[in-house]
Amino acid sequence: MHTTYTAEDYRKEVISISAGSGVIEASKRMVDEAVGSLVVVDEEGRGMGMLTDRDLCLRVVARTRSADSVKVEDVMSQPLVS
């Protein structure tokens, strides 16, 4: 079966998270918003990187890091390219 998508099928707003947030909070945000990535912003709200579900998998889970102590800025992909 082939599905055709239109512009209305895609999310238009950008979901962001602060660089100092924990990765558990970020993961919950991804679940709540049904997205696989978040734009990481600094204190002034400027984009500085991306956090993807793949970043969480490769840089937290695969390295058996304690998610309780890992910040978004520690594992995000950067620089932000648009």
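See the structure shown above.
It should be emphasised that the depicted structure is a prediction, and the values quoted were computed from it without experimental measurement. (Residues numbered from 1 in each chain as written. Predicted model: local features only at pLDDT ≥ 70, side-chain atom pairs only at ≥ 80, totals over all residues. Heavy atoms only, no water.)

> Got a minute to help me understand the overall build of the protein in this structure?
Looking only at helices and strands, the protein features three helices and three strands. Seen in sequence order, the protein has helices and strands lined up from the N terminus as β-α-β-β-α-α. Looking at the 82 residues of the protein, the share that counts as buried comes to 27%. Of all intrachain contacts in the protein linking residues separated by at least 6 positions in sequence, the fraction that spans at least 24 positions is 45%. On the protein, roughly 5800 Å² of surface is accessible, and the fraction owed to carbon and sulfur atoms is 51%. (Helix = DSSP H or I, 4+ residues; strand = E, 2+ residues; numbered from the N terminus. Buried < 20%, exposed > 50% of the residue type's maximum accessible area, 1.4 Å probe, protein only. Contact = heavy atoms within 4.5 Å. Areas by Shrake-Rupley, 256 points an atom, 1.4 Å probe, with all protein chains shown as cover.)

> Would you mind going over helix 2 (residues 53-61) with me for this structure?
In an α-helix there are 3.6 residues to a turn, and that puts residues three or four apart on one side. Of all the residues in helix 2, the buried ones are Asp55, Leu56 and Val60. Across the axial projection of helix 2, the buried residues extend over an arc of 95°, all falling on one side. For helix 2, the exposed residues set more than 90 degrees away from the buried face come down to Arg54 and Val61. On its buried side, helix 2 packs onto helix 1 (23-33), strand 3 (47-52) and helix 3 (72-75). (Arc of directions from axis to C-beta.)

> Could you clarify how one ought to interpret the sheet that holds strand 2 (residues 37-41) in this entry?
Working definition: the strands of a sheet are paired by backbone hydrogen bonds and lie parallel or antiparallel to each other. As summarised here, the arrangement of the three strands in space is 1-2-3, forming an open sheet in which the pairing is mixed. Whereas interior strands pair on both sides, the edge strands pair on one side only; in this sheet they are strand 1 (16-18) and strand 3. Here the average twist between neighbouring strands, direction ignored, is 35°. By the bridge criterion, three bridges tie strand 1 to strand 2 in an arrangement that is parallel. (Pairing = 2+ DSSP bridges. Axes fitted to C-alpha atoms, helices over the stretch in contact; angles between N-to-C directions.)

> Sorry, what's going on with unusual backbone geometry here?
Most peptide bonds adopt trans geometry, and most residues besides glycine take a negative phi value. Residue Gln78 is joined to Pro79 through a cis peptide bond whose omega torsion reads 5°. With respect to the element layout, Pro79 can be found in the segment after helix 3.

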